[in-house]
Each structure stands twice: as structure tokens, then as C-alpha cells.
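# An overview of the molecular structure
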Amino acid sequence: MSDERKPYLSDVTDEEWHFCVPYLTLMQADAPQRQHSLRELFNGLRWLARTGSEWRMLPHDLPPWPAVYQQTWRWLKAGCFEAMAEDLRTLLRVLAGRNATPSAVIVDSRTQQSTPESGDRSGYDGAKKRKGSKVHAAVDMLGHLLALRVTAANEQDRDQVGELAQAVQQVAGQQVELAYGDAGYTGERAAEAAKEHGLNLEVVKLKEAKKGFVLLPKRWVVARSFGWVARFRRLARDYERLASTLAGNHWLAFVLLMLKNFFAKSAGQALVGGRAHGGEEVRAGTGFDGFLGHFGFGFDE
């Protein structure tokens, strides 16, 4: 972070940046076309995601908006945030005492209101009585994102099972066996689409009609994940012209959430006293580098 400005609450911390920089460095640090600090470009993107501001309204003490915009596109096209999310998800699962790869996922969707920018690809969601885009997501039992797909809001959830299941198995190495969904995933077509990719689709629904909010087993996990990303004002509505940009912003939001969660948990388990794992022990005093290296995530700057 530059010493010439006061930090924003959205700025990346030193520890977070140490983790992020290998994923976000797409060219050498001394490349002639690089005119702005990569860290400050990332800070600009983080500020935009949290505040929901327009690109042209980025603060003047951050890099110019065209520079942040162009670098963001490079990161999205390179799949930087998907790669970061995969490794963070693995680390968080290990810290929680779970297997590195999940065996079960939860699928659901959320409808985002359209704007003039996204209106051309929007549809009408009759259930939510809203015109916009629908974000279909698959998360593990801790609520961390594995796969995501954006469609018009009029697309049915059950029709997306096949592509979500395929994406999940690609990420998890064909190790996921079970998928939970709500009543929107009922029907033989959805179950068969899941089976084609080795998933058993289990629909969680109420046995009898009830009024008001009811907490459903397993299903609340993905609802909580959508609540997490709702804190990012850029995702309050669909402000993007392209569906790929909306999907990339969701990956970014989950990465920022997992980064904060990971360093909050690893501070007490890796930096103080070490942590036992797999019959071995991370020695006290090895610090963050030693902790990452123990799980195969050693980085060279």
C-alpha cells in the first residue's frame, strides 16, 4: 500500500497480499507497460466491489479507473480468482478438520435485479417477480464456492444441474457424490443430469406447507453464502454488461471473504504454537510461510 494516502477499510492487508500476489502477477514486476502498483490496482478493485461505485468514480488517490478496469479484465480472463478460491477453499477445509476435497455440495440460485447495462440479457423470474439475471451456485458444506453459472432470470434451476455438476466434478476431481437442492430441482431430468456426472441429487423440501421463513436442513448453508456476498454492493444488482463479468465479481467476492476468514483462523493455529495435521506438526515460529509450505503452498516473490 502506498504511504502517500490513508488506507481504506477495503485495502488488502500485508498478509493477504503476500498470499494473493503469485495469483495476480501476470507479468514481470519490471515490465515496461506496468505504470501502477499491482497492489494498488487490486485495492481499487476491492474498493469498487465493496462500495458498488461506478468505475469512473474511483477515488483520486487510487490508480486511474481505466488502469484498474483493464487489469481487472486481465485477471478475470486469466481465471485468477477461480484459482485463488480453489486453494483458499482447500486451506479452510483443512483448518476446519475436513478433507481437502468435498464429497457433497449444495446448489441454489439467486435472482439479481437488472439495470440498463444488463437489460439486454435479462429475463423475468415469475417466482421472485423480478426481471434480471439468475446466479446458479454450488458450494461445499462450509459455504465456499465451487462452481457458478449466470443465466437470464427466466431460466429454470433444474435445467442448470448438468453444467453445474460437470463444473463441480472438474474442480473436485470427480470426488463429489451428493448434491442437495431445494424444490426447484425436482424432476427426473435434473436427477438424471446429476447422475451423468456421478452425483446423487437429493431435494430438501418441507413435508407440509408453512408460512414465513423456515430453516431447511443443509439448504441454509448456501442461503448463508448468498447473504455473505450480498454485503458487496457491486452485487446488489446486475450492473454488468456481460454475464462473465457478473460471474467474475462473485468469484472475487468469495475470494475476499475466504481471505479474511483464512487469516483470522490461521493466526491462532499457524502463528501461535503450530498445528498438528496428518500425523505431523507445524512448528511454532515457522510463521505464515511455514504454514503454507506445510500444505504445499509455498510461494516465491
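Residues numbered from 1 in each chain as written. Predicted model: local features only at pLDDT ≥ 70, side-chain atom pairs only at ≥ 80, totals over all residues. Heavy atoms only, no water.

## Describing helix α2 (residues 38-51)
Just so we agree on the cut-off: The way it works is that DSSP assigns letters per residue, a run of H or I at least four long becomes a helix, a run of E at least two long becomes a strand, and they are numbered from the N terminus. One less than the number of residues in a helix, times 1.5 Å, gives the span that helix is expected to have. Type-normalised accessible area, obtained with a 1.4 Å probe on protein chains alone, sets the label of each residue: buried when under 20%, exposed when over 50%, and partly exposed for intermediate values. Here a polar contact is recorded for every N or O atom pair within 3.5 Å, except that within protein the pair must consist of a potential hydrogen donor and a potential acceptor, and residues adjacent in sequence are included only if both atoms are side-chain atoms.
Between its first and last C-alpha, α2 extends 20 Å over 14 residues, near the 20 Å set by a 1.5 Å rise per residue. Judged by how many residues are buried, α2 sits mostly within the fold: 12 of 14 residues are covered. Listed as buried for α2 are L38, R39, E40, L41, F42, N43, G44, L45, R46, W47, L48 and A49. Where α2 begins, the capping side chain belongs to S37, and its oxygen is found 3.3 Å from the backbone nitrogen of R39. Backbone geometry just after α2 places G52 at a positive phi near 75°.

## So, the pattern of salt bridges
Defined as follows: Salt bridges are defined as contacts in which a side-chain nitrogen from Lys or Arg sits within 4 Å of a carboxyl oxygen from Asp or Glu.
If you walk through the whole model with that rule in mind, you get 12 salt bridges. Here D11 makes a salt bridge to R5, at a shortest N to O gap of 3.0 Å. The class for D11 is buried, based on a relative accessible area of 8%. Taking relative accessible area as the criterion, R5 reaches 9% and is therefore assigned buried. With a shortest N-O distance of 3.5 Å, E16 and R46 are connected by a salt bridge. Placement of the pair is E16 in helix α1 (residues 14-24) and R46 in helix α2, with a sequence separation of 30 residues. Each of the two residues, E16 as well as R46, counts as buried. Three or more residues joined by partner-sharing salt bridges are found here, namely R5, D11 and E40.

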